[in-house]
Amino acid sequence: MNRRGPHRSASAEELLTTLQQLTARARQEVQLHQARVELAEALQQELLPVGLPSLPGLQTAARYSPARSGLDIGGDWYDGFPLPDGTLGFAIGDVQGHDVEAAAFMGQIRIGMRAIAATTADPGEIVGRTNDLLLSIDSTLLATCTFVRFDPHAGELCTARAGHVAAVWATTDGRSGITQDAGGLPLGVGAAEQYPVTRHRLTAPGAFVLVTDGVVEGPSFPIDEGLDAVVRVVAARASASAEALADEVMQTAERTGHQDDAAVLVLRHKGFPAGSG
């Protein structure tokens, strides 16, 4: 039979050397993680707008909360900018993934959509041409999106939706609901996709709220229950400021137990009676 010699205990010097190696490796990993977090924070600051535009009769506000796993960055975004004809464009969307690649893709969508919106006022065409632009760069990522055009002269919102979560609305006279707008496939799925436009007349003061699925879907309850919860919040606070309403809608995301990014975009508007435009 083979016989093993007695086990030799490691010396104090060997243990100290091993400990030093493990400590150095841990320090390197911490420094690498910190560098990635700092990169993520810098990207997030650059890719989301500093502020949102507003007009007389329209207050705007937005909130963003990163995913609870991985880096503090992801593919959710919102945007708002003036259009050449005096209207305002707003967008909200969600790129699959929660990493630097998703954030970079989100930046491409945002920049491309702004450039396209400078050449056409039709929300459906803006979303469709953005979809074709993204397909031309051969990315493997997909994104959902809603684009909204606010026309203060007509007193209406025109929307186009690419596979995105429905919007929520409420008026100060007690009406509220979830939009039933038709839509197309998410961005990056297929070429020449059509995105129908829905017009919403803003005849009474109220709020139009767009969210990403991280706000309304999570381990605690499904998306239908999440949307219903947002409807209750918006209906109860339809006369609140855009900032206050954005804060309260974002709290819904905390109740879902979400792990995803979450973004909220609030358009708080005055009433535009029929014929006022």
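Structure report, in brief. Residue indices follow the written sequence of each chain, beginning from 1 at its first position. Reporting of local features is limited, given that this is a predicted model, to residues whose pLDDT is at least 70; pairs of side-chain atoms are given and counted only at 80 or more, and all residues count toward the totals for whole chains, interfaces and linings. Each side-chain value is derived from all of the structure's non-hydrogen atoms; neither hydrogens nor water enter the calculation.

**Notes on the packing of helix α2 (residues 100-117) against helix α3 (residues 123-136)**
Phase 1: Two numbers describe how α2 lies on α3: the axes approach to 9 Å, and their chain directions differ by 135°. When the interaxial angle is binned, α2 and α3 end up oblique. α2 and α3 meet at a crossing whose hand is right-handed. Residues Phe 105, Ile 109, Gly 112, Met 113, Ile 116 and Ala 117 of α2 touch α3, and the partners they reach there are Ile 126, Arg 129, Thr 130, Leu 133 and Leu 134. Axis angles are defined between N-to-C directions and span 0 to 180 degrees, where every axis is a line fitted to C-alpha atoms and, for a helix, only to the segment in contact. Only DSSP runs of H or I with at least four residues qualify as helices, and only runs of E with at least two residues qualify as strands; both kinds are numbered from the N terminus onward. For classification purposes, angles smaller than 35 degrees are called roughly parallel, those larger than 145 roughly antiparallel, those between 65 and 115 roughly perpendicular, and all remaining angles oblique. It is the rotation of the near helix from the far one that decides the hand of a crossing: anticlockwise by less than a right angle makes it left-handed, clockwise makes it right-handed. Residues count as neighbours in contact if any of their non-hydrogen atoms are within 4.5 Å of one another.

**Brief notes about the nonpolar core**
Phase 1: What is meant by a nonpolar core is a set of buried Ala, Val, Leu, Ile, Met, Phe, Trp, Tyr and Cys residues, joined one to another through side-chain atoms within 4.5 Å. Only protein chains enter the accessibility calculation, which uses a 1.4 Å probe; a residue is then buried when its area is under 20% of its type maximum, exposed when over 50%, and partly exposed in between. With 44 residues, the main nonpolar core has Trp 77, Phe 90, Val 95, Ile 109, Phe 147, Phe 150 and Leu 187 as its most contacted residues.
Phase 2: Here this core takes 8 residues from α2, the largest share from any one element.
Phase 3: Excluding residues that lie within four positions of it along the chain, Phe 90 makes contacts with Pro 53, Leu 58, Thr 60, Asp 79, Gly 80, Thr 146, Phe 147, Val 148, Phe 150, Leu 265 and Leu 267.

**A few points about the sheet that holds strand β8 (residues 197-201)**
Phase 1: Note on pairing: two strands pair once DSSP finds at least 2 bridges between them. Ordered in space as β2-β3-β4-β5-β8, the 5 strands form an open sheet in which the pairing is antiparallel. On the outer flanks of this sheet lie β2 (76-82) and β8, each paired with one strand and no other. When strand polarity is set aside, the average angle formed by the axes of neighbouring strands in this sheet is 15°.
Phase 2: The pairing of strand β5 (residues 156-162) with β8 spans 5 bridges and is classified as antiparallel. Looking at the pairing, Glu 156 lines up with Arg 201 of β8.
Phase 3: On the sheet, α2 packs against β2, β3 (88-95) and β4 (143-151) and is oriented at approximately 20° with respect to β2.
Phase 4: Helix-sheet contacts for α3 involve β4, β5 and β8, and the interaxial angle to β5 is about 25°.

**A short note on helix α5 (residues 223-236)**
Phase 1: By this rule the span expected of a helix is its residue count minus one, scaled by 1.5 Å. Over its 14 residues, α5 extends 20 Å from the first C-alpha to the last, a length consistent with the 20 Å expected when each residue adds 1.5 Å.
Phase 2: Of the residues making up α5, those classed as buried are Gly 226, Leu 227, Ala 229, Val 230, Val 231, Val 233 and Val 234.

**What to know about the pattern of salt bridges**
Phase 1: Criterion for a salt bridge: a side-chain nitrogen of Lys or Arg within 4 Å of a carboxyl oxygen of Asp or Glu. Following the criterion strictly, the structure yields 9 salt bridges and no others.
Phase 2: Here Glu 243 makes a salt bridge to Arg 63, at a shortest N to O gap of 2.6 Å. Residue Glu 243 is found in helix α6 (residues 242-256), and its partner Arg 63 is found in strand β1 (residues 58-65); the two are separated by 180 residues along the sequence.
Phase 3: Notably, a salt bridge pairs Arg 110 with Asp 79, separated by 3.0 Å at the nearest N-O pair. Here the residue Arg 110 occupies a position in helix α2, and Asp 79 occupies one in strand β2, the gap between them amounting to 31 residues.
Phase 4: Residue classification places Asp 79 among the buried residues on the basis of a relative accessible area of 1%.

**Quick word on a nonpolar patch on the surface**
Phase 1: Each patch is assembled from residues with relative accessible area greater than 30% and no salt bridge, linking like charges that lie within 9 Å and nonpolar side chains (Val, Leu, Ile, Met, Phe, Trp, Tyr) that lie within 5 Å. Residue-level accessible areas treat just the shown protein chains as cover; the underlying method is Shrake-Rupley with a 1.4 Å probe. Taken together, the side chains of Leu 142, Leu 185 and Val 189 define a hydrophobic patch exposed on the protein surface, amounting to about 220 Å² of accessible area.
Phase 2: Inspection of the secondary structure puts Val 189 in the loop between β7 (176-178) and β8.

**A word on unusual backbone geometry**
Phase 1: Even without being glycine, Ala 192 reaches a positive phi, approximately 60°.
Phase 2: Of the residues examined, Ala 192 reaches a relative accessible area of 55% and is grouped as exposed.

**Comments concerning the packing of aromatic side chains**
Phase 1: Classification of ring pairs uses Phe, Tyr and Trp, with its six-membered ring standing for Trp, and accepts pairs whose centres are within 6.5 Å; under 30 degrees between planes counts as stacked, over 60 as edge-to-face, and the remaining range as tilted. Inspection of the entire model under this criterion finds 2 aromatic pairs.
Phase 2: Measuring from centroid to centroid gives 6.3 Å for Phe 81 and Phe 147, while their planes differ by 45°, and the two rings are tilted. Residue Phe 81 is located in strand β2, and its partner Phe 147 is located in strand β4; the two are separated by 66 residues in the primary sequence. Side by side, Phe 81 and Phe 147 carry an identical accessibility label, which is buried.

**What to know about the sheet that holds strand β9 (residues 206-211)**
Sheet strands line up and pair through hydrogen bonds in the backbone, either parallel or antiparallel.
Phase 1: The strand order β1-β10-β9-β6-β7 describes an open sheet built from 5 strands, whose pairing is antiparallel. If you trace the sheet from one side to the other, it starts and ends with β1 and β7, each paired once. Within the sheet, the average angular offset between the axes of one strand and its neighbour, ignoring direction, is 10°.
Phase 2: Pairing of strand β6 (residues 168-171) with β9, which is carried by 4 bridges, proceeds in the antiparallel orientation. Counterpart to Thr 171 in the pairing with β9 is Gly 206.
Phase 3: In the packing of α5 onto the sheet, contacts are made with β6, β7 and β9, and the angle to β6 comes to roughly 25°.

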